[in-house]
Amino acid sequence: MDIKFEKREQLKEKPDQTKLGFGKYMTDYMFVMDWDRENGWHDARIVPHEPMLMDPACVTLHYAQETFEGMKAYRTKNGKIQLFRPEMNARRMINSNARLCMPEFPEDMFVEAVEELVRVERDWVPSEPETSLYIRPFMFATESSLGVHMANSYKFVVICTPVGAYYAEGVNPVRILVEDELVRAVKGGTGFTKCGGNYAASILGQVKAEEQGCTQVLWLDGVERKYVEEVGTMNIMFKINGEIYTAPIEGTVLPGVTRDSIIHILKDWGYKVNETKLSVDDLMKAGHDGTLEEAFGTGTAAVISPVGEFVYKDDKITVNDFKTGDLTQKLYDYLTGIQWGDEEDKYNWTVEVC
Ligand code: COI
């Protein structure tokens, strides 16, 4: 790709790396590329991160033709910067776009755009423990028209933000509300995609969860409200009687990059991983009879996040005395060890950028 570069007059001041939080500070630059029916993808550029002009009739504002990705760049101890399985994000965005009838952004262009932006923003990749540069590629329709149809023009944009832990709890256990009324996804819908609409529809559940002192929502299947699927911002896994259980990828659950990586690692470590439907009743029963040994979420933003309690209707279960389980901690240490370059990357998952 021929990527043009527009220098900004003044670089921003960088935030305190020990107080980053999640998604609060944006870096100096963003990658932008346009698509229209006549020219396809064109005009790749890295420009100052600034507000974008939008017509109030832009179809995205009305019909949510938007998809996005979440990935990170990590600074290793010897100062190198690396990405983690970027091609997986590129492929997932292709699948999301196909479902939303949006044009395909080719995998090689996606990876090149991200790599080039990270090279430009290398000074923004933080070095404090547990920090990284979160990268948010996204695409949206730019056409101004109120008809509901595939748009004639789109933008692909990548922005970056230096981050610490996603949850205020850091890597400590979180409390989760099992949502028994609202639903997130049904087969044939958009549950497997990363589109803004999925998250918009989840916010009411999130508000209910927070009202009950919980950090997140555990969604059940949209038909019977019986089987556990995923948590608002991460996939979820349970260790029951020594075996791992997680919801299968069958159209309603997001195919997480961290989920896939953890399944690989767990199988390599000799664990039986059941990608199968687990009913919330069986989960609660396992919590009460002591066979639920650990529970943790997996996600790019959330990394590996231990769950200390599930609240379901009038019932609740505490997991591992609200302490991070041994396996959860071991997985967190090993995965982040690969990502931050402290562990040998025997899977070839990391990609050095500079
Ligand atoms: C990610 O883990 O990258 C996500 O996209 C979750 C996000 C909605 C915070």
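Naming follows an unreviewed UniProt entry, where the protein appears as branched-chain-amino-acid transaminase of Ruminococcus gauvreauii. In its Sequence similarities (unreviewed entry) section, the UniProt entry covering the protein states "Belongs to the class-IV pyridoxal-phosphate-dependent aminotransferase family." On record in UniProt, under Cofactor (unreviewed entry), the comment for the protein is "pyridoxal 5'-phosphate".

Trainee: For this particular structure, what's the right way to read the side chain of Asp 34?
Mentor: Tracing the backbone shows Asp 34 in strand 2 (residues 29-36). A distance of 2.8 Å separates the side chain of Asp 34 from the side chain of Arg 45, its partner in a polar contact. A polar contact of 2.7 Å, which involves the side chain of Asp 34, links it to the side chain of Lys 155. In this view, Asp 34 contacts Gly 40, Trp 41, His 42, Asp 43, Arg 45, Tyr 154 and Lys 155; residues no more than four positions away in its chain are not counted.

Trainee: Before we go on, may I ask you to explain the packing of helix 2 (residues 86-99) against helix 3 (residues 107-120) in this structure?
Mentor: Axis angle and axis distance: for two packed helices, these are the angle between their axes and the distance between the axes, and together they describe the pair. With their axes 9 Å apart at the nearest point, helix 2 and helix 3 run at an angle of 130 degrees to one another. Judged on the interaxial angle alone, helix 3 and helix 2 are oblique. In the packing of helix 2 onto helix 3, the handedness of the crossing is right-handed. Residue-level contacts link Pro 86, Glu 87, Asn 89, Ala 90, Arg 91, Met 93 and Ile 94 of helix 2 to Glu 107, Phe 110 and Val 111 of helix 3.

Trainee: When you look at the pairing of strand 15 (residues 292-299) in this model, what are you seeing that I'm missing?
Mentor: A regular strand carries its side chains on alternate faces of the sheet. With 7 of 8 residues buried, strand 15 lies mostly within the body of the structure. Bridge analysis of strand 12 (residues 234-240) against strand 15 gives 6 bridges, and the strand direction is antiparallel. By the bridge assignment for strand 15, Phe 238 is matched with Ala 295. As defined by bridge partners, strand 15 adjoins strand 16 (residues 303-312) across 4 bridges and the pair is classed as antiparallel. In the strand pairing of strand 16, Thr 298 is matched with Ile 304. Between strand 15 and strand 16, which pair antiparallel in sequence order, lie 3 residues.

Trainee: Where do I start with the site of the ligand in this structure?
Mentor: Around the ligand, the neighbouring residues are Phe 68, Gly 70, Tyr 134, Arg 136, Tyr 166, Lys 194, Tyr 199, Thr 300 and Ala 301. Between Ala 301 and the ligand, the recorded distance is 2.8 Å, taken from a backbone N or O atom to an oxygen atom. Contact with the protein chains removes 91% of the 280 Å² of surface that the ligand exposes when unbound. Of the residues that constitute the shell around the ligand, the class distribution is 5 nonpolar, 2 polar and 2 charged.

Trainee: Any chance you could explain empty space enclosed by the protein here in plain terms?
Mentor: Unoccupied space between atoms shows up once a probe the size of one water molecule is rolled over them. Counted according to the given criterion, the structure contains 4 cavities of 30 Å³ or more. Considering only enclosed or pocket space, the largest cavity measures out at about 100 Å³ in volume. Along the wall of the largest cavity there are 13 residues; nearest its centre are Tyr 74, Phe 84, Thr 258, Thr 300 and Gln 339. Among the secondary structure elements, those contributing two or more residues to the lining of the largest cavity are strand 5 (71-75), helix 6 (257-268) and helix 8 (326-339). Among the elements that take part in the lining of the largest cavity, strand 5 stands out by supplying 3 residues, more than any other.

Trainee: It is not clear to me how the side chain of Gln 65 should be interpreted in this structure. Could you clarify?
Mentor: Along the polypeptide, Gln 65 turns up in the loop between helix 1 (59-63) and strand 4 (66-68). Contacts of Gln 65, omitting those with residues within four sequence positions, involve Thr 60, Leu 100, Met 102, Met 139, Phe 140, Ala 141, His 149, Met 150, Ala 151 and Tyr 154.

Trainee: Explain the pairing of strand 3 (residues 40-48) here, please?
Mentor: As paired elements, strand 1 (residues 4-5) and strand 3 share 2 bridges and run parallel to each other. The residue of strand 3 that forms the bridge with Phe 5 is Ile 46. Pairing of strand 2 with strand 3 involves 7 bridges; the strand directions are antiparallel. Within the sheet, the bridge partner assigned to Val 32 lies in strand 3 and is Arg 45.

Trainee: Just to check I follow, could you spell out the packing of helix 6 against helix 8 for this structure?
Mentor: The geometry of helix 6 relative to helix 8 is characterised by a closest axis approach of 11 Å and an angle of 110 degrees between their N-to-C directions. Our classification of the angle between helix 6 and helix 8 gives roughly perpendicular. Residues Thr 258, Ser 261, Ile 262, Ile 265 and Leu 266 of helix 6 touch helix 8, and the partners they reach there are Leu 327, Leu 331, Tyr 334 and Leu 335. Here the contact of helix 6 with helix 8 is built from residues that sort into 7 nonpolar, 2 polar and no charged.

Trainee: How do you make sense of helix 7 (residues 280-289) when you look at a structure like this?
Mentor: For the α-helix, the turn length of 3.6 residues means that residues three or four positions removed from each other point alike. Residues of helix 7 that are buried include every one of Val 280, Leu 283, Met 284, Ala 286 and Gly 287, and no others. When helix 7 is viewed along its axis, its buried side chains cluster within an angular range of 160 degrees and face the same direction. Helix 7 presents Asp 281, Lys 285 and His 288 as exposed residues on the side facing more than 90 degrees away from its buried surface. Positive phi shows up at Gly 290, right after helix 7, with a value of about 85 degrees.

Trainee: Sorry, what's going on with the pattern of salt bridges here?
Mentor: Close approach of charged atoms allows side chains of opposite charge to pair. Taken as a whole and assessed by the stated rule, the structure comprises 21 salt bridges. Residue Asp 43 pairs with Arg 45 through a salt bridge whose shortest N-O separation is 3.4 Å. Since its relative accessible area comes to 17%, Arg 45 is described here as buried. Each member of the salt-bridge network shares a partner with another, and the members are Asp 34, Asp 43, Arg 45 and Lys 155.

Trainee: Help me understand the state of the cysteines in this model?
Mentor: Structurally, a disulfide amounts to a covalent bond that connects the sulfur atoms of two cysteines. All told, the structure shown has 0 disulfides when counted by the stated rule. The cysteine Cys 160 is free of any disulfide, with Cys 354 supplying the nearest cysteine sulfur at 12 Å.

The rules behind each value
- Residues numbered from 1 in each chain as written.
- Predicted model: local features only at pLDDT ≥ 70, side-chain atom pairs only at ≥ 80, totals over all residues.
- Heavy atoms only, no water.
- UniProt positions renumbered as here; feature names shortened; annotations may be inferred.
- Helix = DSSP H or I, 4+ residues; strand = E, 2+ residues; numbered from the N terminus.
- Polar contact = N/O pair within 3.5 Å; in protein donor to acceptor, adjacent residues only side chain to side chain.
- Contact = heavy atoms within 4.5 Å.
- Axes fitted to C-alpha atoms, helices over the stretch in contact; angles between N-to-C directions.
- Parallel < 35°, antiparallel > 145°, perpendicular 65-115°, else oblique.
- Left-handed = near helix turned anticlockwise from the far one by under 90°.
- Buried < 20%, exposed > 50% of the residue type's maximum accessible area, 1.4 Å probe, protein only.
- Pairing = 2+ DSSP bridges.
- Near = heavy atom within 4 Å.
- Areas by Shrake-Rupley, 256 points an atom, 1.4 Å probe, with all protein chains shown as cover.
- Nonpolar A, V, L, I, M, F, W, Y, C, P; charged D, E, K, R; others polar.
- 1 Å grid on protein atoms, 1.4 Å probe; cavity = no way out; pocket = protein on both sides within 12 Å on 5 of 7 lines; lining within 4 Å.
- Points joined across faces, edges and corners; volume = space filled by probe spheres on them.
- Arc of directions from axis to C-beta.
- Salt bridge = Lys/Arg side-chain N within 4 Å of Asp/Glu carboxyl O.
- Disulfide = S-S within 2.5 Å.

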